[in-house]
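Descriptive analysis of the structure
Listed here are the chains, written in short residue letters.
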Amino acid sequence: MSLRTRTAALLAATGLSAGAAAAGDVEVLHWWTSGGEAAALNVLKQDLESQGIGWLDMPVAGGGGGNAMTVLRARVTAGNAPTAVQMLGFDILDWAREGALADLNEIAAMEGWDDVVPEALQAFAKHDGKWISAPVNVHSTNWVWANKALLDQNGIEIPTTWDEFTTAVEKLAAAGVTPIAHGGEAWQEATVFDAIAMSAGGPDFYRSAFIDLDESALGSETMREAFDRMAFIRGHVDENFSGRSWNLATAMVINGEAAFQMMGDWAKGEFLNAGQTPGEEFLCFRFPGTVEQVTFNADQFAMFDQGGAVSPEQAALASAILSPSFQSAFNVVKGSVPARTDVSDADFDACGRQGMKDLAAASSSGNLFGSMAHGHAAPASVRNAIYDVVTAHFNGEYDSSTAVRELVDAVELAK
Ligand code: BGC
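Reading the values: the criteria
Residues numbered from 1 in each chain as written. Predicted model: local features only at pLDDT ≥ 70, side-chain atom pairs only at ≥ 80, totals over all residues. Heavy atoms only, no water. Helix = DSSP H or I, 4+ residues; strand = E, 2+ residues; numbered from the N terminus. Buried < 20%, exposed > 50% of the residue type's maximum accessible area, 1.4 Å probe, protein only. Contact = heavy atoms within 4.5 Å. Near = heavy atom within 4 Å. Polar contact = N/O pair within 3.5 Å; in protein donor to acceptor, adjacent residues only side chain to side chain. Areas by Shrake-Rupley, 256 points an atom, 1.4 Å probe, with all protein chains shown as cover. Nonpolar A, V, L, I, M, F, W, Y, C, P; charged D, E, K, R; others polar. Salt bridge = Lys/Arg side-chain N within 4 Å of Asp/Glu carboxyl O. Pairing = 2+ DSSP bridges. Axes fitted to C-alpha atoms, helices over the stretch in contact; angles between N-to-C directions. Parallel < 35°, antiparallel > 145°, perpendicular 65-115°, else oblique. Core = buried A, V, L, I, M, F, W, Y, C linked by side-chain atoms within 4.5 Å. Domains from an automatic or database assignment. Buried area = accessible area lost by both parts, 1.4 Å probe.

**Side note on the environment of V28**
Position of V28 among the secondary structure elements: in strand β1 (residues 25-30). The class of V28 is buried, set by a relative accessible area of 0%. Placed 54 residues apart in sequence, V28 and P82 show a C-alpha to C-alpha distance of 6.3 Å. Sequence-distant contacts of V28, defined by excluding residues within four places in its chain, comprise W55, L56, D57, M58, A84, F301 and L317.

So this is what it looks like as structure tokens:
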């Protein structure tokens, strides 16, 4: 589909010819439409409604936010920007460079955001010395979610290395179990690739390839190994994977139709929404071979300049998002961890506590990296170029050596 047709279809599907929010309301564009995501979003809606601020909901379905960003561009081009927009990493900086975002410095200074938001997040929340978005959470992409009963029945321990993982996958396949639940969409394949590349080459390789965009790392033997590992995954998903939404893949693990899903910790929101508990029905663990690393992405709400100073509703939304009690309440439900360093882990479950501990440890040991798949390693043009190659390889268009060559060329052209 061409971009124009796709945008028109999205606008029609979402009724986005909508007008601007009335005074006292916020119009929020986001892609939190799965059960777990909607439950988390409700925490924010209710928080604002309790302050007398109305919520005009603008959901644009599509995991990873690609569709939402297409709709956003159309809205801004039409001179009808939403009040607040869920956004990731480099996209925020791109919009800031265009001068489209409101300056949140006053509220940030009043509330001391500089002291409590980790620097890795500030790098995407500030532009030219100004706060231009409000960080909601920290997600990470190098997780595996498992159905505990299926692992127990097949005598499988949590794998910590790639070799242990492939042994477990082959054992499950031999027992007639679908080893891996996967949704065949480019962003989902890229999410798996974050972890696979880290596991194949380690942190220095990940940084060289995805952050520095170094041609020798992109074209290396290690990258070929990463593609081979993707081919292994492709060989162990069910035949209906193509086009499946990520949350339906999570549902397969929830329902015992598949053993593992490799996905960011928004997947945990689905398990919780289905009434499951970590350690009982499901397990979470770091992707084998990436036990010390964290590939993160942080959802933020960027406030679009409505022509003048930041509006009272925008300031209230930003303030609500950064409040410690909201950061706990929201992230407990969402599956992510707080975007502030001073929030207690008391209300978090075992996976959430591990997430908080891993993030702090990775940050102090130099093992914290922006997720390529979720726009925190390189700008959208490069990310999309990588998506195309990874997904073409996953769908059998390229063998691993061809994929490596295509990757080098695609990144070179995009950067
Ligand atoms: C966002 C998450 C979201 C996920 C799936 C990610 O890019 O950071 O908040 O749940 O996409 O939609």
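**Describing the site of the ligand**
Taken together, 14 residues lie near the ligand, and E37, N297, D299, K334 and H374 sit nearest. One of the backbone nitrogen or oxygen atoms of G64 is found 3.3 Å away from an oxygen atom of the ligand. The separation between an oxygen atom of the ligand and a polar side-chain atom of N297 is 2.8 Å. Look at the ligand: alone it shows 310 Å² of surface, and the protein chains cover 100% of it. For the shell around the ligand, a count of residues per class yields five nonpolar, six polar and three charged.

**Brief notes about the pattern of salt bridges**
The final tally for this structure, using the stated rule, is 16 salt bridges. The salt bridge involving K148 is made with D152; its shortest N-O contact spans 2.9 Å. Taken together, the residues K148 and D152, both in helix α8 (residues 148-153) and four residues apart, mark about one turn of the helix. Taking relative accessible area as the criterion, D152 reaches 48% and is therefore assigned partly exposed. R286 is the salt-bridge partner of D358, the closest N and O atoms lying 2.7 Å from each other. Of the two residues, D358 sits in helix α17 (residues 350-364) while R286 sits in strand β10 (residues 282-286), which places them 72 residues apart along the sequence.

**Some thoughts on the sheet that holds strand β8 (residues 143-147)**
By way of backbone hydrogen bonds, the strands of a sheet pair with one another, either parallel or antiparallel. Taken together, the three strands give an open sheet; going across it, the order is β9-β8-β10, and neighbouring strands pair in antiparallel fashion. Each edge of the open sheet is held by one strand with a lone partner, namely β9 (260-262) and β10. Shown here is a sheet whose adjacent strand axes are inclined to one another by a mean of 20°, direction ignored. Bridge count for β8 against β10 is five bridges, and the pairing is antiparallel. Counted as the bridge partner of A146 is L283 from β10. Taken strand by strand, helix α13 (residues 246-254) contacts β8 and β9, and its axis lies near 150° from that of β9.

**Some words on the sheet that holds strand β7 (residues 139-140)**
One open sheet holds the three strands; their spatial order is β7-β11-β13, and the pairing between them is mixed. At either end of the open sheet lies a strand with only one pairing partner, and these are β7 and β13 (368-370).

**Brief notes about the packing of helix α15 (residues 312-322) against helix α16 (residues 324-334)**
Contact pair α15 / α16: the axes reach a minimum separation of 5 Å and the direction vectors enclose 70°. The angle between α15 and α16 falls in the class roughly perpendicular. In contact with A320, I321 and L322 of α15, α16 contributes P324, F326 and Q327. By residue class, the composition of the contact of α15 with α16 is five nonpolar, one polar and no charged.

**Description of the nonpolar core**
Core analysis: the biggest nonpolar cluster contains 75 residues, and W145, F193, F210, M223, F227, I233 and F260 have the highest contact counts within it. Looking at this core, the element that brings in the most residues is helix α10 (residues 186-211), giving 12 residues. Residues W32, V138, F301 and F330 belong to the second largest nonpolar core, which totals 46 residues.

**Side note on the domain arrangement of the chain**
The domain boundaries assigned to the chain delineate domain 1 (2-139 + 298-353) and domain 2 (143-295 + 368-414). Averaged C-alpha coordinates put domain 1 and domain 2 at centres separated by 26 Å. Contact with domain 1, which involves 24 residues of that partner, is made by 25 residues of domain 2. Surface buried jointly by domain 1 and domain 2 totals about 1,900 Å² across both partners, of which 58% is contributed by carbon and sulfur atoms. Ranking the residues of domain 1 by area buried against domain 2 places F90, H139 and C351 at the top, with a combined share of 30%. In this structure, the connection of domain 1 to domain 2 is made through two salt bridges. Inspection of the region where domain 1 meets domain 2 yields eight residue pairs in polar contact (both at pLDDT 80 or more). At the level of elements, α2 (35-49), α4 (89-97), α7 (119-125), α16 and α17 are the ones that each hand at least two residues to the side of domain 1 that touches domain 2.

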